[in-house]
Amino acid sequence: MRRLFIATASAALVAACGGSAARTPKPQHDTAPAAPERYTYVVRNAYPHDTDRYTQGLQYVDGQLWEGTGEYGRSRLLRTDLATGRTHEVARLPRSEFGEGIAVLGDRVYQLTWQENKAYVYDRRSGDKCGEFRYPGEGWGLTTDGTKLYMSDGTEYIHTVDPETFRRERSVAVTLDGAPVRMINELEWIDGKIWANVYLTEQLAVIDPAYRTSVTASMQYLHLSLFFAYATLYPDL
């Protein structure tokens, strides 16, 4: 067992981790995004976490950590009470499907699959499956602003998705210094921005989704090199 580290870049991130009320996205911009900024962070808490799980999606809501795991034959939806450390298996995906990102929206929990073009919907209280959708392309990360869903697919695009139909309403390309940022993975909605890890890197992107489709989203970087050094320094945590 290792511990799951909760890193915060600012007081705003701390507030957002508590399942705060949804915020209305900012008006769409017509001007080009500003140059990216760089952030630091501090580790506030550490919690036990089974590293045998191939975590694909995480969301902290009302004292509980929702987790979607991947790998064929091992993909599940889990709910952990951080106060007690107890984990409950909400759902298990078919062995032929690879679980991906998740999002808790109202009384529903959404879970993507990688290449199966399928999203599952569960009742948040009972854990019962209450819906299923199809979508084009791959499924990677998923988050919500409290009204809409935002989905990544391994490319530089983030798609706004209607949670009632799972239809894509718009797509925004993410760039850094004019170059596309591909392999955008897990997503989190914090204070009107999308925080995303860039797969196979030690970086988090902070993305403003309010730009129009024809204008690339702005992006800021949070480097995780010191974060991983912390985990190495305290391997028993």
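In this report, the structure presented in the accompanying data block is examined. (Residues numbered from 1 in each chain as written. Predicted model: local features only at pLDDT ≥ 70, side-chain atom pairs only at ≥ 80, totals over all residues. Heavy atoms only, no water.)

Quick look at the sheet that holds strand E10 (residues 118-123)
Then, in step 1: Read from one edge of the open sheet, 4 strands run E8-E9-E10-E11, paired in antiparallel fashion. Because the sheet does not close on itself, it has two edges, and the strands there are strand E8 (99-105) and strand E11 (129-134). Between one strand axis and the next, the sheet turns through 20° on average, direction left out of account.
Then, in step 2: Inspection of the sheet shows strand E9 (residues 108-113) paired to E10 by 5 bridges, in the antiparallel sense. Looking across to E10, one finds that Arg108 is bridged to Asp123. (Pairing = 2+ DSSP bridges. Helix = DSSP H or I, 4+ residues; strand = E, 2+ residues; numbered from the N terminus. Axes fitted to C-alpha atoms, helices over the stretch in contact; angles between N-to-C directions.)

Brief notes about the pairing of E8
Then, in step 1: With 7 of its 7 residues buried, E8 lies for the most part within the structure.
Then, in step 2: Linking E8 back to E9 in an antiparallel pair, the connection comprises 2 residues, with Gly106 at a positive phi of about 65°. (Buried < 20%, exposed > 50% of the residue type's maximum accessible area, 1.4 Å probe, protein only.)

Observations regarding the packing of aromatic side chains
Then, in step 1: Overall, the coordinates contain 9 aromatic pairs when judged by the stated rule.
Then, in step 2: For the pair Tyr54 and Phe98, a centre-to-centre distance of 6.0 Å together with 80° between the ring planes defines the contact as edge-to-face. Of this pair, Tyr54 sits in the loop between strand E3 (42-49) and strand E4 (55-61) while Phe98 sits in the loop between strand E7 (87-92) and E8, and the two are 44 residues apart along the sequence.
Then, in step 3: Grouped by ring-pair contacts, the aromatic residues Tyr54, Tyr72, Phe98 and Trp114 constitute a single cluster. (Phe/Tyr/Trp six-rings, centres within 6.5 Å; stacked < 30°, edge-to-face > 60°.)

A look at the pattern of salt bridges
Then, in step 1: Applying the stated criterion to the full structure yields 11 salt bridges.
Then, in step 2: Of the charged contacts in the structure, one is a salt bridge between Glu67 and Arg53, with a shortest N-O distance of 2.9 Å. Of this pair, Glu67 sits in strand E5 (residues 64-69) while Arg53 sits in the loop between E3 and E4, and the two are 14 residues apart along the sequence.
Then, in step 3: Arg53 gets classed as buried once you look at its relative accessible area, which sits at 17%.
Then, in step 4: Taken together, the shared-partner salt bridges in this structure form one network comprising Glu97, Lys118, Lys129 and Glu132. (Salt bridge = Lys/Arg side-chain N within 4 Å of Asp/Glu carboxyl O.)

Concerning the side chain of Thr143
Then, in step 1: Secondary-structure assignment places Thr143 in strand E12 (residues 142-144).
Then, in step 2: By relative accessible area, Thr143 is classed as buried at 4%.
Then, in step 3: Polar contacts involving the side chain of Thr143 include one to the main-chain amide nitrogen of Trp189, which spans 3.0 Å.
Then, in step 4: If we ignore the near neighbours within four places in the chain, the residues touching Thr143 are Ala103, Lys148, Leu149, Tyr150, Leu187, Glu188 and Trp189. (Polar contact = N/O pair within 3.5 Å; in protein donor to acceptor, adjacent residues only side chain to side chain. Contact = heavy atoms within 4.5 Å.)

Quick word on the pairing of E5
Then, in step 1: Extensive coverage of E5 is indicated by the burial of 5 of its 6 residues.
Then, in step 2: Inspection of the sheet shows E4 paired to E5 by 6 bridges, in the antiparallel sense. Among the inter-strand pairings, Leu58 is bridged to a residue of E5, identified as Glu67.
Then, in step 3: Here E4 folds back onto E5 in antiparallel fashion, the turn holding 2 residues, of which Asp62 has a positive phi close to 50°.
Then, in step 4: Turn length for the E5-strand E6 (residues 76-81) hairpin, with the two strands adjacent in sequence and antiparallel, is 6 residues, and the turn residue Glu71 shows positive phi of about 80°.

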